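# Coordinate inspection notes
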Amino acid sequence: MDPLLRIVDLHKSFGSLEVLTGVSTDVARGEKLSIIGPSGSGKTTLLRCINYLEKPTSGHIYIDDKLIGEKQVDGKFVHLSDRELAEERAEIGFVFQRFNLFPHLSALDNVTVAPRRALGVPKAEADARAMAMLEKVGLAHKADEFPERLSGGQQQRVAIARVLAMQPKLLLFDEATSALDPELIGEVLKVMRELADEGRTMVIVTHEIQFAAEVSDRVIFMDGGNIVEEGSPGEILKNANHERTRTFLSQIIER
Amino acid sequence: MIEFIAGYGDYIWDWLPEMAIASLQTLQLMVVSFCLACVLGMIVALLRISRFGVLRAIAKIYIGFFRGVPVLVILYWIYFALPEMGYEVLVISSYTAAILGLGIHGAAFLAEIFRSGIESLHRGQMEAALSLGMTPAKAMSYIILPQAIRVVVPPIANYTVGLLKETALCSIIAAPELMLRAKDLASSSFLPMHAFVLAAIFYYIMSFPLMRLAEHLEVRMGAGR
Amino acid sequence: MGEFLTKLWQWSPEVLPVLWFATGMTVVVTVGALIVALILGLLIALMRISRVRWIRWIALIYTDVLRGTPALVQLFIIYFGLSDLGIEFDPVTAAIVGLGINGAAYVGEIYRAGIEAIHKGQMEASLSLGMTPIKAMRFIILPQAVRIMLPPLCNYAILLVKDTAIISTIAAPEIMFEARRLVQATFMHSVSGQIYLMCAFFYLALTLPLSHIAKRLEQAKERWQ
């Protein structure tokens, strides 16, 4: 089977600082990939390049063999219009570290706004879909609450429901639990675990090594803008080859 | 004090209705200028945050210029200078000149308020909206602007109070409003202090509800975040 | 447009020196009024936080009325009105007094907000450490409050510069008055547009640097917080 996601030689610089130095990897359909690494390693930037929140300096990304963020016109690569980009992003689900719920909308409206306004789904159908997703993350009873009344863990779960309502092919998690108080992390990880069990394709940037080990098919260790090592969770976490990997892991696990 | 009030004498019976009518003219002037300033201000604000450097630059210059120059200069320019330079076709009434002057000047302030409002929103809001597959335009309509409106209402209320007071300057270009009426009554009666104090009372009556509203909005919308 | 600019260039040698001196007068009035406002404003602010009710009320009414009526009306009341009572002011003094009294209302609010922003916990900590309230004010509260107050004070200064334009109505020899005088000299009628444009630039020469300073102060304040 063709990989769902292909990242080919991705470079990204912010001014003179090169944050991604030629990253390449594939993610198969239904694969769960975890990315770990120290801060500044480029893992968040990599994730943000996949849904084109950051424009790569060079390199290409393909989802289902379709070029993301650009198109080829007469052999040259050209930027997409706002609409085309929006359509592509609709198929990718991105969960932010800081949730980014829309404070002026209730939980239910947060989940329905994108299907209704971006996809044109009629209200009744959007509401039904939204309630189903909120049910899935265990928050159907909070549908009419506004974000400021929800705990961090609840907000993040609503954010996940919001993403699921768009029925994306690929789920990206950018340190989804890093901004949560410890006692709230569990409820979010539970939802993520369920999504993994459903066979979804997920790319997870995380500090939760334990969780990464349980849920992933493959783990990538990034440092200095590139992939230093990759392998199954067992390989990486127990028997890392590289010095840097082992140093990082020992620091994390000590915590 | 008593002497002062006695000084109004019989004038008060004429002055009260005349100033009341002039106050209505002032309010009308304020409302129309406000509408112009709002519309222009929104346009300039959108230019200010446009992705095209040229448009942003034009907006920046507009805002920088009109915020740094007294509104009186603008009023003079529109009302006196244009006709005097020989552009007969642009001879306009003082009322129109007043509206244009206040509107064009005010737009610069409102544009800054709008821009601040939009930018005060966390960048994450835009990113979340884009990630969900909305175009920037849709993200603006459904996510950014609704929130921005809540943020800009208090400063706009404040601006409105200032605008009410600015209408008094239009008396200098003889636009029909309260201050001009007060000057007329002052000179025809040789009781300037009485005339202007009464005018001040009318102004205060008009601005009092606006000021209270502005304070109330400040509390309601400021604390909300 | 070309003709406009040519005339601008042609007439500059006549116009610029006049406006230059007028700008000096604008600066004098601004500084004078600012000093009055800073001193009187402090008094008002202290009255506003007094523990005696009626003192608080007087200051509150003062502030509200002066902020709720146009500065032009206040200026006229002081200038024309007081001449009624036999007190004669020359235009410049009247301008400084009028704008200063008006300014005290704004500056008072700035002081008050600054002090109240710091007040509680800091005062409690200082008192707990054994300082008298006065020492606490002097060494702990006011130094911090000053940093908070500088940006709005600077912004007020900018407003004041622009407000000085209104004193042209009482014949104070500042920018707008001198400009109007030039324009009314028959041979300069046709370049009134250029003359007022030059006025605008002189104002900008005063307000733009102040804006820059205000921005820097704001950034310094944010970093410090």
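Residues numbered from 1 in each chain as written. Chains lettered and ligands numbered in written order. Predicted model: local features only at pLDDT ≥ 70, side-chain atom pairs only at ≥ 80, totals over all residues. Heavy atoms only, no water.

### Here's the deal with the overall build of chain C
In terms of helices and strands, chain C carries seven helices and zero strands. Mapped from its N terminus to its C terminus, chain C presents α and β elements in the order α-α-α-α-α-α-α. Dimensions along the principal axes, computed over C-alpha positions, put chain C at roughly 75 × 50 × 25 Å. A total of 225 residues make up chain C; the buried ones form 48% of that total. For chain C, the exposed surface amounts to about 11,300 Å²; the carbon and sulfur share of it is 68%. Averaged over its 18 positive side-chain charges, chain C has a centre that lies 12 Å from the centre of its 14 negative ones. (Helix = DSSP H or I, 4+ residues; strand = E, 2+ residues; numbered from the N terminus. Buried < 20%, exposed > 50% of the residue type's maximum accessible area, 1.4 Å probe, protein only. Areas by Shrake-Rupley, 256 points an atom, 1.4 Å probe, with all protein chains shown as cover. Lys, Arg positive; Asp, Glu negative; His and termini not counted. Charge placed at Lys NZ, Arg CZ, Asp CG, Glu CD.)

### A closer look at the nonpolar core
Grouped together as the largest cluster of nonpolar side chains are 121 residues, with contacts concentrated most on Ile 167, Met 176 and Tyr 196 of chain C. Once residues lying within four places of it in the same chain are set aside, the contact partners of Ile 167 of chain C are Val 29, Leu 75, Ala 95, Leu 99, Ala 172 and Glu 174 of chain C. With 79 residues, the next largest nonpolar core counts Leu 10, Ile 50, Leu 53 and Val 137 of chain A among its residues. (Core = buried A, V, L, I, M, F, W, Y, C linked by side-chain atoms within 4.5 Å. Contact = heavy atoms within 4.5 Å.)

### Notes on the interface of chain C and chain B
Contacts between the two partners involve 38 residues from chain C and, on the opposite side, 35 residues from chain B. Counting each side, the surface lost to burial between chain C and chain B is near 3,100 Å², with a carbon and sulfur contribution of 73%. Applying the counting criterion to the chain C and chain B interface returns one salt bridge. Remark: the boundary between chain C and chain B carries eight residue pairs in polar contact (both at pLDDT 80 or more). Within the residue set of the side of chain C that touches chain B, elements represented by two or more residues are α2 (53–68), α3 (71–84), α6 (175–184) and α7 (192–224) of chain C. If you tally residues by element for the side of chain C that touches chain B, the top one is α7 of chain C, at eleven residues. Of the residues that constitute the side of chain C that touches chain B, the class distribution is 22 nonpolar, eleven polar and five charged. (Buried area = accessible area lost by both parts, 1.4 Å probe. Salt bridge = Lys/Arg side-chain N within 4 Å of Asp/Glu carboxyl O. Polar contact = N/O pair within 3.5 Å; in protein donor to acceptor, adjacent residues only side chain to side chain. Nonpolar A, V, L, I, M, F, W, Y, C, P; charged D, E, K, R; others polar.)

### Section: the confidence of the model for chain C
Residue and element names in this part refer to chain C. Chain-level statistics for chain C give a pLDDT mean of 86 and a share of 94% at 70 or above. The least confident element of chain C is α3, whose mean pLDDT is 84; the most confident is α2, at 94. Complex prediction metrics read pTM 0.76 and ipTM 0.86. (pLDDT = per-residue confidence, 0-100.)

### Topic: the environment of Arg 181 of chain C
Residues and elements named next belong to chain C. Residue placement: Arg 181 occurs in helix α6. Taking the C-alpha atoms as reference points, Arg 181 and Pro 151, 30 residues apart in sequence, are found 36 Å from one another. Of note is the side chain of Arg 181, whose polar atom sits 2.7 Å from the side chain of Glu 178.

### A word on the interface of chain B and chain A
Across the boundary between the two partners, chain B contributes 23 residues, which contact 25 residues of chain A. For the pair chain B and chain A, the two sides together bury roughly 2,000 Å², of which 60% comes from carbon and sulfur. When the buried surface of chain B facing chain A is broken down by residue, Ser 131, Leu 132 and Tyr 142 of chain B rank first, second and third, together holding 30% of it. Remark: the boundary between chain B and chain A carries one salt bridge. A salt bridge links Glu 127 of chain B to Arg 48 of chain A; its shortest N-O distance comes to 2.6 Å. Where chain B packs against chain A, one counts seven residue pairs in polar contact (both at pLDDT 80 or more). Put simply, the parts of the chain that give the side of chain B that touches chain A at least two residues each are α6 (123–131) and α7 (136–166) of chain B. When residues of the side of chain B that touches chain A are assigned to their parent elements, the largest contribution, eight residues, is made by α6 of chain B. For the side of chain B that touches chain A, a count of residues per class yields nine nonpolar, eight polar and six charged.

### Thoughts on the pairing of strand β10 (residues 201–205) of chain A
Residues and elements named next belong to chain A. Counting buried residues in β10 gives five out of five residues, a clear majority hidden from the surface. Burial along β10 is two-sided: the residues Thr 201, Val 203 and Val 205 and Met 202 and Ile 204 are all buried. By the bridge criterion, five bridges tie strand β9 (residues 170–174) to β10 in an arrangement that is parallel. Considered in β10, the bridge of Phe 173 is made with Ile 204. (Pairing = 2+ DSSP bridges.)

### Notes on the packing of aromatic side chains
With the rule as written, the count across this model stands at twelve aromatic pairs over all chains. For the ring pair Tyr 76 of chain B and Tyr 196 of chain C, a centre distance of 5.4 Å and an interplane angle of 75° mean the geometry is edge-to-face. Here Tyr 76 of chain B is found in helix α4 (residues 71–84), whereas its partner Tyr 196 of chain C is found in helix α7 on a different chain. With a relative accessible area of 6%, Tyr 76 of chain B lands in the buried category. Judged by its relative accessible area of 0%, Tyr 196 of chain C falls in the buried class. Taken together, a centroid distance of 5.1 Å and an interplanar angle of 80° make the contact between Phe 196 of chain B and Phe 76 of chain C edge-to-face. Of the two residues, Phe 196 of chain B sits in helix α9 (residues 192–224) while Phe 76 of chain C sits in helix α3, which places them in two different chains. This pair shows no difference in class: Phe 196 of chain B is buried, exactly as Phe 76 of chain C is. (Phe/Tyr/Trp six-rings, centres within 6.5 Å; stacked < 30°, edge-to-face > 60°.)

### Here's the deal with the sheet that holds β9 of chain A
Residues and elements named next belong to chain A. Ordered by their spatial adjacency, six strands build an open sheet running β8-β9-β10-β3-β11-β12, and the pairing between neighbours is mixed. Each edge of the open sheet is held by one strand with a lone partner, namely β8 (92–95) and β12 (226–231). Each adjacent strand pair in this sheet contributes to an overall mean axis angle of 20°, direction not counted. Across the sheet, helix α5 (residues 152–164) touches β8 and β9, and the angle it forms with β8 is around 170°. (Axes fitted to C-alpha atoms, helices over the stretch in contact; angles between N-to-C directions.)

### Describing the pattern of salt bridges
Side-chain pairs of opposite charge can arise whenever the charged atoms involved come near each other. Considering all chains together, one arrives at 32 salt bridges over all chains under this definition. Salt-bridge contacts for Lys 169 of chain A lead to Glu 91 of chain A; the nearest nitrogen and oxygen are separated by 3.6 Å. On the criterion of sequence distance, the pair formed by Lys 169 of chain A in the loop between α5 and β9 and Glu 91 of chain A in the loop between α2 (82–90) and β8 is long-range, its members being 78 residues apart. Given the relative accessible area of 38%, Glu 91 of chain A is considered partly exposed. Ionic pairing is found between Glu 109 of chain C and Arg 112 of chain C, a salt bridge with its closest N-O pair at 3.0 Å. Taken as a pair, Glu 109 of chain C and Arg 112 of chain C lie in helix α4 (residues 91–128) at a separation of three residues, close to a single helical turn. Its relative accessible area of 16% is what places Glu 109 of chain C among the buried residues.

### Overview of α2 of chain A
Counting along an α-helix, one turn takes 3.6 residues, and residues three or four places apart therefore face a common direction. Of all the residues in α2 of chain A, the buried ones are Leu 85, Ala 86, Glu 88, Arg 89 and Ala 90 of chain A. Its buried side turned inward, α2 of chain A meets β5 (66–67), β8 and α3 (107–119) of chain A together with α6 of chain B.

### Quick word on the pairing of strand β2 (residues 17–27) of chain A
Residues and elements named next belong to chain A. Of the pairings in the sheet, the one linking strand β1 (residues 5–14) to β2 comprises eight bridges and is antiparallel in character. Within β2, the position partnered with Arg 6 by the bridge is Asp 26. With antiparallel pairing between neighbouring strands as the criterion, β1 and β2 make up a hairpin whose turn holds two residues, including Gly 15 at a positive phi of roughly 65°.

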